[in-house]
Amino acid sequence: MKQSVLWQLALSSVILATGCQSTSTETTSQTSSVSSPSVTAPIAAKVPYKTKIHGYELVDNYHWLRDDSRSSEQVIAHLEKENSYTDTILAPSEALQAQLFSEIKAKIVKDNRSVPVQKGRYFYFNETIGDQEYASIYRSLTVDGVNPELLLDINELAKAHEFYELGDIEVSPNANLLAYTEDTLSRRIYTVKVKNLTTGEILKDELKGVQDGVVWANDNQTLYYIKKDPVSLLGTQVYRHTLGTAQEQDELVYEEADNTYYTYLSRSKDGEQIFIYHYSTESKGMSVLSADDAKAKPQRLLAREKGLEYSVSKHKDWYYILTNLNAVNFKLMKAKIDAVSDKANWQTVIEHQPNVRLEDFTLFDEHLVYQSRAQGQSKITIRELKKNKEHQIEFNDPAYRVSMIGNNTLSSDSVRVQYASMTTPKTTFEVDLNDYSKVTLKQDKVLGDFNSADYQSERIFVTARDGVKVPVSIVYKKSLFKKDGTNPLLQYGYGSYGYTVDPGFSISRLSLLDRGFVYAIAHIRGSQMLGRPWYEDGKKLNKKNTFNDFVDVTKALVAQGYGDKKRVYAQGGSAGGLLMGAVVNQAPELYHGVHAAVPFVDVINTMLDESLPLTTNEYDEWGNPNDKAYFDYMRSYSPYDQVSAQAYPNMLVTTGLHDSQVQYFEPAKWVAKLREKKTDNNKLLLKVDMEAGHGGASGRFKSIKDTALNYAFFIELANGRL
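None of the values given here were measured: they were computed from a predicted structure. (Residues numbered from 1 in each chain as written. Predicted model: local features only at pLDDT ≥ 70, side-chain atom pairs only at ≥ 80, totals over all residues. Heavy atoms only, no water.)

## Structural notes on the overall build of the protein chain
So, step 1. Secondary structure assignment for the protein chain yields 13 helices and 38 strands.
So, step 2. In terms of overall dimensions, the protein chain is globule-like: its C-alpha atoms have a radius of gyration of 25 Å, near the 27 Å expected for 722 residues.
So, step 3. Reported as C-alpha extents along the three principal axes, the dimensions of the protein chain are approximately 70 × 60 × 55 Å.
So, step 4. The burial tally for the protein chain puts 62% of its 722 residues in the buried class.
So, step 5. By sequence separation, contacts in the protein chain at least 24 residues apart represent 59% of the contacts at least 6 residues apart.
So, step 6. In the form shown here, the protein chain has an accessible surface area of approximately 27,700 Å², with 47% of it arising from carbon and sulfur atoms.
So, step 7. If you average the places of the 83 positive and of the 91 negative side-chain charges in the protein chain, the two averages end up 3 Å apart. (Helix = DSSP H or I, 4+ residues; strand = E, 2+ residues; numbered from the N terminus. Rg over C-alpha atoms; globule rule 2.2 N^0.38 Å. Buried < 20%, exposed > 50% of the residue type's maximum accessible area, 1.4 Å probe, protein only. Contact = heavy atoms within 4.5 Å. Areas by Shrake-Rupley, 256 points an atom, 1.4 Å probe, with all protein chains shown as cover. Lys, Arg positive; Asp, Glu negative; His and termini not counted. Charge placed at Lys NZ, Arg CZ, Asp CG, Glu CD.)

Written out as structure tokens, the structure reads:
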């Protein structure tokens, strides 16, 4: 969660190509079906594995596909057969995949520099040149990046690895040392390294098996990091490391005893304190320790309370507190630092509004800037702390994404904001905190003949089966859209963890729009698009609302002429892959093709296994199946358990062998069971990246190949060629 804001901003421009780009003119007219190569799909052996619970005997015939070591010859051979089968079936689309890759890549600015972010006396930025897969990280004493100093060349770091991810970078308070974390396996298990920025030397200090975030103490010799449990992969232990000593000598500062909590680290904006975050799904809190004392012990700000969520930002002698205390959609309060442990001392700064979700805030010496969401649309408001005078920043697009990022300096006289819509590339601008004037720092370029005016976005509401109105964001190319039920339609959804998928810009998506596709995001329950109650109504014993909303949006979009009922496609990943699995069990006839990426589909078995990453932390999201009420409800929708003898859409299922979030064997087992049960002759394809994990391939161009494969699957289906 708590990567540095500096690196978040740097990373955002590095990955602008991944999952988002393109252009083309191929038609979407239906053509005669081309027969696929004659090849037999792999059939997995059935080896019954029995689990008894709540009076049931669960039989999992494909449990044998689970190999935690990733070394079983039998399992690897089966996965390779699946890959070979998928490659053979998709071989006729290879030319289209190559075309998509080329046109997406051609839209990306090769030489690209991010907007510099100030931290201390330096301005930090990243830059990619030519066909480099990764960025180089620089800093300069001037905002325009003159005479930059190279800090890290990620291309050099990555060249010896099939996969490489730079997790976090943190510069020491005296700006002489750089700590960075790297993952070379895609398991989200990082190693911390430290570079001397004066000599260029990589220090001998190497901290292994850690979470990606690190924090410096103010002595420039002490690093705080979180060590991961090697089995569950949960970050449970906060350690303090002194440079020049062995990792085995590091001091355990804090250990999380409750395995339903995640642990994260950050520093206060003024650099005086180090925060330890304690986050579960329904309860959140913090501990704090002095950044000036290398022997400090963390102090919890207040005792944990089930259902209470809060986080704080330090401002002089005050803590500003974002909390759900008697406020389902959150409010902002403040308290003196020495009095924060008693909630009776908390004073209201921004009142709770039942229909407005308070999402985020940042503080400056004399100003507070906060982000709130009403009817699904975010807005940003500037408030003078002394006068309570406010100004709201306006946005014109019908659907958009906006956030505050890179605001590291309390004394700044402007707030930095990033904005994008489904037709407007990401734009970074600054708003003066006093006169509210706005300066655009950068808008991402799209090479070629892209013109924002050629595309149209809409925001509509669809009435679900229980009468609830579901927001939907839609985009299409004006010249190719008829709204007469003839356009192919791709609908995306997620709908879990309260994560809101805002409608932003995607370069890769242009490859679909320019072929006549309509693209829609269904903002289904389980997100917080319409506030915290929207999330509560899509989790635990309300989870089926998420699936029902998605199906009802599909039906409405077809009925309103946005899509051809014979060419409707769906896509979702991770928990969105669970959504895909539930949807194809409930209403397979609605979809011609479905892409489920790293799908969480074996809900019962996963949530019963506390050794797996995420399981215990997610009881508050899905429920604990050891409780029969939750077990019965989960079983009624779990995609793996609900596979039945019926016709299913054409399906592409993608995963990574080293996925640490949704283990590869969930989709592998699901595909095996679908092959056993389904009654149709539609395509069922499993593609396993044998090098990647949950996030897919690394590198800004390598990842485009994944996107090209996924889009070719939809386009070939839409044109009757698969």
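## Quick look at the nonpolar core
So, step 1. Grouped together as the largest cluster of nonpolar side chains are 116 residues, with contacts concentrated most on Ile-474, Phe-550, Leu-557, Tyr-591 and Trp-670.
So, step 2. Here this core gets 10 residues from one element, more than from any other, and that element is helix α13 (residues 702–718).
So, step 3. Leu-301, Leu-302, Leu-308 and Val-340 belong to the second largest nonpolar core, which has 18 residues in total. (Core = buried A, V, L, I, M, F, W, Y, C linked by side-chain atoms within 4.5 Å.)

## Some points on the packing of helix α7 (residues 544–559) against helix α8 (residues 575–586)
So, step 1. For the pair α7 and α8, the least separation of the axes is 9 Å and the interaxial angle reads 65 degrees. What the angle tells us is that α7 and α8 run roughly perpendicular. Considering how the two elements wind past one another, α7 and α8 form a crossing that is right-handed. Contact residues: Thr-546, Phe-547, Asn-548, Phe-550 and Val-551 in α7; Leu-578, Leu-579, Met-580, Ala-582, Val-583 and Gln-586 in α8. (Axes fitted to C-alpha atoms, helices over the stretch in contact; angles between N-to-C directions. Parallel < 35°, antiparallel > 145°, perpendicular 65-115°, else oblique. Left-handed = near helix turned anticlockwise from the far one by under 90°.)

## A closer look at the pattern of salt bridges
So, step 1. Enumeration according to the criterion identifies 46 salt bridges in this entry.
So, step 2. Close ionic contact of Lys-46 with Glu-676 constitutes a salt bridge, the shortest N to O distance being 3.0 Å. In this pair, Lys-46 sits in the loop between α1 (5–14) and β1 (50–53) while Glu-676 sits in helix α12 (residues 665–677), placing the two residues 630 residues apart along the sequence.
So, step 3. You can call Lys-46 partly exposed: its relative accessible area is 47%. (Salt bridge = Lys/Arg side-chain N within 4 Å of Asp/Glu carboxyl O.)

## Thoughts on the layout of surface pockets
So, step 1. When its volume is computed, the second largest pocket comes out at roughly 310 Å³.
So, step 2. Lining the second largest pocket are 20 residues, and of these Pro-116, Phe-123, Val-143, Arg-416 and Glu-430 lie nearest its centre.
So, step 3. Elements supplying a minimum of two residues to the lining of the second largest pocket: β4 (117–119), β28 (414–421) and β30 (438–443).
So, step 4. Looking at side-chain class alone, the lining of the second largest pocket contains seven nonpolar, eight polar and five charged residues. (1 Å grid on protein atoms, 1.4 Å probe; cavity = no way out; pocket = protein on both sides within 12 Å on 5 of 7 lines; lining within 4 Å. Points joined across faces, edges and corners; volume = space filled by probe spheres on them. Nonpolar A, V, L, I, M, F, W, Y, C, P; charged D, E, K, R; others polar.)

## Some details on the environment of Trp-534
So, step 1. With respect to the helices and strands, Trp-534 occurs in helix α6 (residues 532–536).
So, step 2. Separated by 10 residues in the primary sequence, Trp-534 and Ile-524 place their C-alpha atoms 8.3 Å from one another.
So, step 3. The contact partners of Trp-534, leaving out residues within four places of it in the chain, are Val-468, Lys-469, Val-470, Pro-471, His-523, Ile-524, Arg-525, Gly-526, Ser-527, Met-529 and Asp-549.
So, step 4. Polar contacts involving the side chain of Trp-534 include one to the main-chain carbonyl oxygen of His-523, which spans 3.1 Å. (Polar contact = N/O pair within 3.5 Å; in protein donor to acceptor, adjacent residues only side chain to side chain.)

## Quick look at the sheet that holds strand β29 (residues 427–432)
So, step 1. As summarised here, the arrangement of the four strands in space is β27-β28-β29-β30, forming an open sheet in which the pairing is antiparallel. If you trace the sheet from one side to the other, it starts and ends with β27 (400–404) and β30, each paired once. If you compare each strand with its neighbour and ignore which way they point, the axes differ by 25 degrees on average. (Pairing = 2+ DSSP bridges.)

## Details of the sheet that holds strand β10 (residues 190–196)
Backbone-to-backbone hydrogen bonds pair the strands of a sheet. The strands run either parallel or antiparallel.
So, step 1. Taken together, seven strands build an open sheet; the order of strands is β8-β9-β10-β11-β12-β13-β14 and the sheet is antiparallel. Each having just a single partner strand, β8 (165–171) and β14 (251–255) make up the two edges of the open sheet. Within the sheet, the average angular offset between the axes of one strand and its neighbour, ignoring direction, is 35 degrees.
So, step 2. Where strand β13 (residues 235–242) lies against β14, four bridges are found, and the strand directions are antiparallel. Across the sheet, Arg-240 pairs through a bridge with Glu-251, a residue of β14.

## Some thoughts on the side chain of Ser-114
So, step 1. The residue Ser-114 is located in the loop between β3 (112–113) and β4 in this model.
So, step 2. Looking at Ser-114, its side chain comes within polar contact range of the main-chain nitrogen of Asn-126, at 2.9 Å.

## Observations concerning the packing of aromatic side chains
So, step 1. Applying the stated rule across the entire model yields 27 aromatic pairs.
So, step 2. Taking the centre distance of 5.7 Å and the plane angle of 90 degrees together, the rings of Tyr-497 and Trp-622 count as edge-to-face. With Tyr-497 in the loop between β33 (489–492) and α5 (510–513) and Trp-622 in helix α10 (residues 619–622), the pair connects residues that are 125 residues apart, well separated along the chain.
So, step 3. When its relative accessible area of 1% is taken as the criterion, Trp-622 is described as buried.
So, step 4. By way of ring pairs, the aromatic residues Tyr-262, Tyr-264, Phe-275, Tyr-277 and Tyr-279 are connected into one cluster. (Phe/Tyr/Trp six-rings, centres within 6.5 Å; stacked < 30°, edge-to-face > 60°.)

## Side note on unusual backbone geometry
So, step 1. For Ala-175, which is not glycine, the phi torsion reads 65 degrees and is therefore positive.
So, step 2. With respect to the helices and strands, the residue Ala-175 is situated in the loop between β8 and β9 (177–183).
So, step 3. One non-glycine residue with positive phi stands out, namely Tyr-497, at about 60 degrees.
So, step 4. For Tyr-497, a relative accessible area of 30% translates into the label partly exposed.

## A short note on the pairing of strand β12 (residues 222–228)
So, step 1. Counting buried residues along β12, six of its seven residues qualify, which places the element largely inside the surrounding structure.
So, step 2. Both strand β11 (residues 202–216) and β12 contribute to a ladder of four bridges, which runs antiparallel. Looking at β12, one finds that Val-215 is bridged to Tyr-224.
So, step 3. As consecutive antiparallel partners, β11 and β12 are separated by five residues, and within that stretch Asn-220 has a phi angle of approximately 60 degrees, a positive value.
So, step 4. Sheet topology places β12 next to β13; seven bridges connect them, and they run antiparallel. By the bridge assignment, Lys-228 is partnered in β13 with Gly-235.
So, step 5. Adjacent in sequence and paired antiparallel, β12 and β13 are bridged by six residues, among which Leu-233 carries a positive phi angle near 65 degrees.

## A short note on α13
An α-helical turn contains 3.6 residues, so a residue and the one three or four places further along point in the same direction.
So, step 1. For α13, which comprises 17 residues, the first-to-last C-alpha distance of 25 Å matches the rise-based estimate of 24 Å (1.5 Å per residue) to within 8%.
So, step 2. Burial analysis of α13 places 14 of its 17 residues in the buried class, which makes it a mostly covered element.
So, step 3. Backbone geometry just downstream of α13 places Gly-720 in the positive-phi region, at approximately 70 degrees. (Expected span 1.5 Å × (residues − 1).)

## With respect to the environment of Ser-506
So, step 1. Within the element layout of this structure, Ser-506 appears in the loop between β33 and α5.
So, step 2. When the C-alpha positions of Ser-506 and Thr-424 are compared, they lie 9.1 Å apart, and in sequence the two are 82 residues distant.
So, step 3. A distance of 3.2 Å separates the side chain of Ser-506 from the side chain of Ser-508, its partner in a polar contact.
So, step 4. Separated by 3.0 Å, the side chain of Ser-506 and the backbone nitrogen of Arg-509 make a polar contact.

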